[in-house]
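Here's the letter readout for the chains.
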Amino acid sequence: MKKTLAILLSCVLMVGLLAACGSDSSSTAPASTPDSTAVASTPESTPDATAGGSKIGVSMNSADEFRSSWLSAFTTQAEAAGYTVISTNADSSEDKQISDIESMIQQEIDIAVVHAFSADGIVPALDALETAGIPAILVDFEVNADNFITRVADEQYTCGVIQGEYVNEWLAEDDTRTANVGYIVGLYAMDAAMPRMYGFFETCTAAVNTAEGEGGWSADGAMSLTEDWLQAHPDMNVFVAMSDEMALGCIQALKAAGKDMDEVLVLGIDGSEEGLRAVQAGELDCTAARDVNMEAKVALETVGKILAGESVEKQIEPMALTAVSINNVDQFI
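## Comments concerning the environment of alanine 132
Next, step 1: Tracing the backbone shows alanine 132 in the loop between α4 (123-131) and β4 (136-139).
Next, step 2: Residue classification places alanine 132 among the partly exposed positions, given a relative accessible area of 41%.
Next, step 3: Along the backbone, alanine 132 and glutamate 102 are 30 residues apart, and their C-alpha atoms lie at a distance of 9.8 Å.

Right, here's the structure in full:
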């Protein structure tokens, strides 16, 4: 049923492909880190005369598959261009992220690239960077502060729009269908990610918000939440997650419960390697896929410009979002 869905998003929401040219460690990504995601372009890094001897501190908010892939891509490109990368993982803790950044300041980094966990919680760390005279670049989420140079990110809201448009198309295919939605939030405390949910529900206005809850950005958390929903809401038939990793956990619960995957929709965000495989298998219906290599490339180019004393816009969009479904997934694997 759903595998024949003619999704217009591949054309309408091909954001960027036409307009363009989302555990603690103080080292680069581990060897087991996946290094490819949805739109698997491999842009070459451009050596920069300012790179020699420059240290880039990268503060990650967590280490799920997508963020690990981003870090791997960024580190590979940065080191090829002559930079040294010092990275940390806050493991979804605003206190740890502050401590991580304070530690990187002591290591005399020249610039900080920050994937903020909390819009408010990151403020003391940005203040510390400003006091130390170290420029900061944000990647992904917005923050409740203005003392950073630029934010490199496509809008979180657009990810939800991609998911909402997919469900709209599915509903339009058969007017007897209803969308009884279970929405899986990463963490409510990560308020900067909430536009993903707003984008979905403001786009898919026909959706019935049956339930929502936290999956903790993990497959296990989403699986447990879905198991509870299947007991409490037997009519739930659309499962929307803020990340592919949580969508995969949802799929595990649905399959374990004997659900016909052709009779439910599951949607994710990121376009992780495992997520794309699930799309190809007909289990994950759609993901708002992010080109991890392009995102890393644009962030690194921005680092180079700032270190060279060039001015940059306050908001830079990599234009790296694509709706991926069964209709086009083979282009990205």
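## Focus: the sheet that holds strand β7 (residues 208-214)
Next, step 1: Within the open sheet, the six strands sit side by side as β7-β6-β8-β9-β10-β12. Their pairing is mixed. Two strands close off the open sheet at either side, each with one partner strand: β7 and β12 (321-325). With direction set aside, neighbouring strand axes in the sheet form an average angle of 15 degrees.
Next, step 2: Sheet topology places strand β10 (residues 286-290) next to β12; five bridges connect them, and they run antiparallel. Paired with threonine 287 across the strands is valine 324, a residue of β12.

## A look at the sheet that holds β4
Two pairing modes exist for strands in a sheet, parallel and antiparallel, and in both the strands are linked by backbone hydrogen bonds.
Next, step 1: Pairing is parallel in the open sheet, where six strands are placed in the order β2-β1-β3-β4-β5-β11. Looking at which strands have only one partner, the edges of the open sheet turn out to be β2 (84-89) and β11 (315-316).
Next, step 2: Here strand β1 (residues 55-60) runs beside β2; their pairing, made up of six bridges, is parallel. The residue bridging lysine 55 from the neighbouring strand is threonine 84, located in β2.

## Section: empty space enclosed by the protein
Next, step 1: Taken as a whole, the second largest cavity encloses approximately 30 Å³ of empty space.
Next, step 2: Lining the second largest cavity, in full, are Asp64, Glu65, Phe66, Ser243, Asp244, Glu245, Asp270 and Ser272.
Next, step 3: For the lining of the second largest cavity, the secondary-structure elements that each account for two or more residues are α2 (65-80) and α8 (244-256).
Next, step 4: Taken together, the residues of the lining of the second largest cavity sort by class into one nonpolar, two polar and five charged.

## Quick word on the packing of aromatic side chains
Next, step 1: Within the structure shown, the criterion is met by four aromatic pairs.
Next, step 2: Relative to phenylalanine 200, the ring of tyrosine 183 has its centre 6.2 Å away and its plane inclined at 40 degrees; by these criteria the two rings are tilted. Residue tyrosine 183 is found in strand β6 (residues 180-185), and its partner phenylalanine 200 is found in helix α6 (residues 195-203); the two are separated by 17 residues along the sequence.
Next, step 3: Classification of phenylalanine 200 by relative accessible area gives buried; the value is 0%.
Next, step 4: Ring plane angle 50 degrees and centroid distance 5.7 Å describe the contact between tyrosine 183 and phenylalanine 201, whose orientation is recorded as tilted. Linking tyrosine 183 in strand β6 with phenylalanine 201 in helix α6, this pair joins segments that are 18 residues apart in sequence. An identical accessibility class is assigned to tyrosine 183 and phenylalanine 201; each is buried.
Next, step 5: In this structure an aromatic cluster arises from ring pairing among Tyr183, Phe200 and Phe201.

## What to know about the pairing of β2
Next, step 1: By the criterion of burial, β2 is predominantly enclosed, with five of the six residues buried.
Next, step 2: Between β1 and its parallel partner β2, the chain crosses via α2, and the hand of that crossover is right-handed.

Rules used throughout
Residues numbered from 1 in each chain as written. Predicted model: local features only at pLDDT ≥ 70, side-chain atom pairs only at ≥ 80, totals over all residues. Heavy atoms only, no water. Helix = DSSP H or I, 4+ residues; strand = E, 2+ residues; numbered from the N terminus. Buried < 20%, exposed > 50% of the residue type's maximum accessible area, 1.4 Å probe, protein only. Pairing = 2+ DSSP bridges. Axes fitted to C-alpha atoms, helices over the stretch in contact; angles between N-to-C directions. 1 Å grid on protein atoms, 1.4 Å probe; cavity = no way out; pocket = protein on both sides within 12 Å on 5 of 7 lines; lining within 4 Å. Points joined across faces, edges and corners; volume = space filled by probe spheres on them. Nonpolar A, V, L, I, M, F, W, Y, C, P; charged D, E, K, R; others polar. Phe/Tyr/Trp six-rings, centres within 6.5 Å; stacked < 30°, edge-to-face > 60°. Right-handed = clockwise from strand over helix to strand, strands pointing away.

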